[in-house]
Amino acid sequence: MSLWSPLSAFSMTGGGCLTPYSSFLVFATGVCCTTPLVCLFVRPLLGGTEFEPKFDFEAYARAPITSHGMGCLGGMVWALGTVSSLISGKTIGMALSYSIGQSAPMVATLWGLFLYKEFDGAPKAAWTFIGIMFMCYVIAIGLIAGSK
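All values reported here derive from a predicted model rather than from experimental measurement. (Residues numbered from 1 in each chain as written. Predicted model: local features only at pLDDT ≥ 70, side-chain atom pairs only at ≥ 80, totals over all residues. Heavy atoms only, no water.)

A.B. asks: Mind laying out the overall build of the protein, listing which residues take part and the relevant values?
C.D. replies: Each helix and strand counted, the protein has seven helices and zero strands in total. Across the protein, helices and strands are ordered from the amino to the carboxyl terminus as α-α-α-α-α-α-α. Counting over 148 residues, the protein shows a buried share of 17%. Contacts in the protein between residues far apart in sequence, at least 24 positions, make up 57% of those at least 6 positions apart. Of the roughly 10700 Å² that the protein leaves accessible, carbon and sulfur atoms contribute 75%. (Helix = DSSP H or I, 4+ residues; strand = E, 2+ residues; numbered from the N terminus. Buried < 20%, exposed > 50% of the residue type's maximum accessible area, 1.4 Å probe, protein only. Contact = heavy atoms within 4.5 Å. Areas by Shrake-Rupley, 256 points an atom, 1.4 Å probe, with all protein chains shown as cover.)

A.B. asks: Can you tell me about the layout of surface pockets, naming the residues and giving the values?
C.D. replies: In this model, the largest pocket occupies a volume close to 490 Å³. Where the lining of the largest pocket is concerned, the elements lending two or more residues are helix H1 (4-12), helix H4 (65-92) and helix H5 (94-101). Broken down by element, the lining of the largest pocket gets its largest block of residues, six residues, from H4. Considered class by class, the residues forming the lining of the largest pocket number nine nonpolar, eight polar and no charged. Reported here for the second largest pocket is a volume of approximately 160 Å³. Among the elements of the structure, helix H2 (20-46) and H4 are those that each provide at least two residues to the lining of the second largest pocket. The leading source of residues in the lining of the second largest pocket is H2, at five residues. A class-by-class count of the residues in the lining of the second largest pocket yields six nonpolar, one polar and no charged. (1 Å grid on protein atoms, 1.4 Å probe; cavity = no way out; pocket = protein on both sides within 12 Å on 5 of 7 lines; lining within 4 Å. Points joined across faces, edges and corners; volume = space filled by probe spheres on them. Nonpolar A, V, L, I, M, F, W, Y, C, P; charged D, E, K, R; others polar.)

A.B. asks: Quick rundown of the state of the cysteines? Include the residues and the values.
C.D. replies: A complete count under the given rule lists zero disulfides for this structure. Note on Cys-32: no disulfide assigned, nearest cysteine sulfur contributed by Cys-33 at a separation of 6.9 Å. Its relative accessible area of 49% is what places Cys-33 among the partly exposed residues. (Disulfide = S-S within 2.5 Å.)

A.B. asks: I'd like to hear about the side chain of Ser-8, residue by residue, with values.
C.D. replies: Mapped onto the elements, Ser-8 comes out in helix H1. Here Ser-8 falls in the buried class, since its relative accessible area comes to 4%. Setting aside its immediate chain neighbours within four residues, Ser-8 contacts Ser-23 and Leu-86.

A.B. asks: For a nonpolar patch on the surface, give the residues involved together with the corresponding values.
C.D. replies: Residues Phe-129, Ile-132, Met-135, Ile-139 and Leu-143 make up a contiguous nonpolar surface patch of about 560 Å² in total accessible area. Structurally, the position occupied by Met-135 is in helix H7 (residues 124-146). For Met-135, a relative accessible area of 54% gives the class exposed. (Patch = residues over 30% accessible without salt bridge, like charges linked within 9 Å, V, L, I, M, F, W, Y side chains within 5 Å. Salt bridge = Lys/Arg side-chain N within 4 Å of Asp/Glu carboxyl O.)

Honestly, that's just the spatial picture; any functional story needs more than this.
Set out below in structure tokens:
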């Protein structure tokens, strides 16, 4: 996973002939080919430990269709974001596009803070650390964007 972004950027700019759409197709194909292998072979080896609960295929199959639909919707949103990032990389540059894409945890934190109110009643120190986290994240994204 850590090599996908630089290899994708290289394949679309300097050394390759992939378009943003074909780069995403290669990535999605890799995900679709390796996910069943991870679920069937790697996950059972880790299952049942304190760090990784055992996967229950029967419970997965019994889940309501709306649960599976929400999973598919999440995948579609992820795919749209990835394709948008690749397309924007061709226009604004891969470094800036990457830094914008990496700001997703900040958005998720804002949702947790303001929509779900996850830190209501938290001590003042927690809010201080959240503020420091945001400052560090903004600085890091700025440095990545400025590296172009």
